[in-house]
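# Architecture and fold: a report
Listed here are the chains, written in short residue letters.
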Amino acid sequence: MKPQLLALVAAAAWGIGGYFEKKGLQMGNLSAQMGIALRTAMALAILGAVSFPQWKTLPQAGAKPLVMMALGGGVLAGAIGMLCFYAALKGAPLGRVMPIAFTSPLFGVLMGVWLGGETLGARELIGMLLTTGGIVLLTAK
């Protein structure tokens, strides 16, 4: 599958999933922490099974890449980000939470420029400004 199509499927899955996550939190009167624990348990079971054939590649990766994945993906994105996202879902309408929460690509681009040596051209800057402007329009009261 082309990367752009995969990205679109991911966006749809996250957007549609967010709806069901919010409804589940509300209907079950569950805490944000319980919601993220349930979500993570389901994801771990599925991803563990899907990734099983590649587990043998872990030792060859070395320690530094694994620590970067564990801290960046596990602690920062997986725990801190998701706990904040679920607390926001529980406390505000989807139309206010989702646009702000999914500004994450803007932060990713900035990290790529700042630490990854990637370049940021006029096209990317204009796109980021338009995205930010759209989010402000969607979420301002």
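## So, the pattern of salt bridges
A complete count under the given rule lists one salt bridge for this structure. One salt bridge in this structure joins Glu-21 and Arg-39, with 2.5 Å as the shortest N-O distance. Of this pair, Glu-21 sits in helix 1 (residues 3–28) while Arg-39 sits in helix 2 (residues 32–51); the two residues are 18 residues apart in sequence, bridging distant segments of the chain. Residue classification places Arg-39 among the partly exposed residues on the basis of a relative accessible area of 31%.

## Details of the packing of aromatic side chains
By the definition in use, this model includes five aromatic pairs. Where Trp-14 meets Phe-102, the ring centres are 6.2 Å apart and the plane angle is 10°; that geometry is what we call stacked. Within this pair, whereas Trp-14 is found in helix 1, its partner Phe-102 is found in the loop between helix 5 (94–101) and helix 6 (104–114), the two being separated by 88 residues in sequence. The exposure class of Phe-102 is partly exposed, given its relative accessible area of 33%. Seen in terms of ring centroids, Phe-85 and Tyr-86 are 6.0 Å apart; in terms of plane orientation they differ by 85°. Their pairing is edge-to-face.

## A few points about the packing of helix 2 against helix 4 (residues 63–91)
The geometry of helix 2 relative to helix 4 is characterised by a closest axis approach of 8 Å and an angle of 125° between their N-to-C directions. Judged by the angle between their axes, helix 2 and helix 4 are oblique. As for how helix 2 packs across helix 4, the hand of that crossing is right-handed. Of helix 4, the residues touching helix 2 (which contributes Ala-32, Gln-33, Gly-35, Ile-36 and Arg-39) are Met-82, Leu-83, Tyr-86, Ala-87 and Lys-90. Taken together, the residues that form the contact of helix 2 with helix 4 break down as six nonpolar, two polar and two charged.

## A word on the nonpolar core
Formed by Leu-25, Ala-32, Ile-36, Met-82, Phe-85, Tyr-86, Leu-89, Val-97 and Met-98, the largest nonpolar core amounts to nine residues. Counting only elements with at least two residues in this core, the list comes to helix 2, helix 4 and helix 5. Broken down by element, this core gets its largest block of residues, four residues, from helix 4. Residues contacting Phe-85, with those up to four places away along its chain left out, are Glu-21, Val-97, Met-98, Ala-101 and Phe-102.

## A word on the side chain of Thr-139
If you trace the backbone, Thr-139 turns up in helix 7 (residues 122–139). Here Ile-135 takes part through its backbone oxygen, which lies 2.7 Å from a polar atom of the side chain of Thr-139. Sequence-distant contacts of Thr-139, that is, excluding residues within four places in its chain, are made with Gly-95, Arg-96, Pro-99 and Ile-100.

Conventions adopted
- Residues numbered from 1 in each chain as written.
- Predicted model: local features only at pLDDT ≥ 70, side-chain atom pairs only at ≥ 80, totals over all residues.
- Heavy atoms only, no water.
- Salt bridge = Lys/Arg side-chain N within 4 Å of Asp/Glu carboxyl O.
- Helix = DSSP H or I, 4+ residues; strand = E, 2+ residues; numbered from the N terminus.
- Buried < 20%, exposed > 50% of the residue type's maximum accessible area, 1.4 Å probe, protein only.
- Phe/Tyr/Trp six-rings, centres within 6.5 Å; stacked < 30°, edge-to-face > 60°.
- Axes fitted to C-alpha atoms, helices over the stretch in contact; angles between N-to-C directions.
- Parallel < 35°, antiparallel > 145°, perpendicular 65-115°, else oblique.
- Left-handed = near helix turned anticlockwise from the far one by under 90°.
- Contact = heavy atoms within 4.5 Å.
- Nonpolar A, V, L, I, M, F, W, Y, C, P; charged D, E, K, R; others polar.
- Core = buried A, V, L, I, M, F, W, Y, C linked by side-chain atoms within 4.5 Å.
- Polar contact = N/O pair within 3.5 Å; in protein donor to acceptor, adjacent residues only side chain to side chain.

Scope: geometric values only; no functional claims are made or implied.
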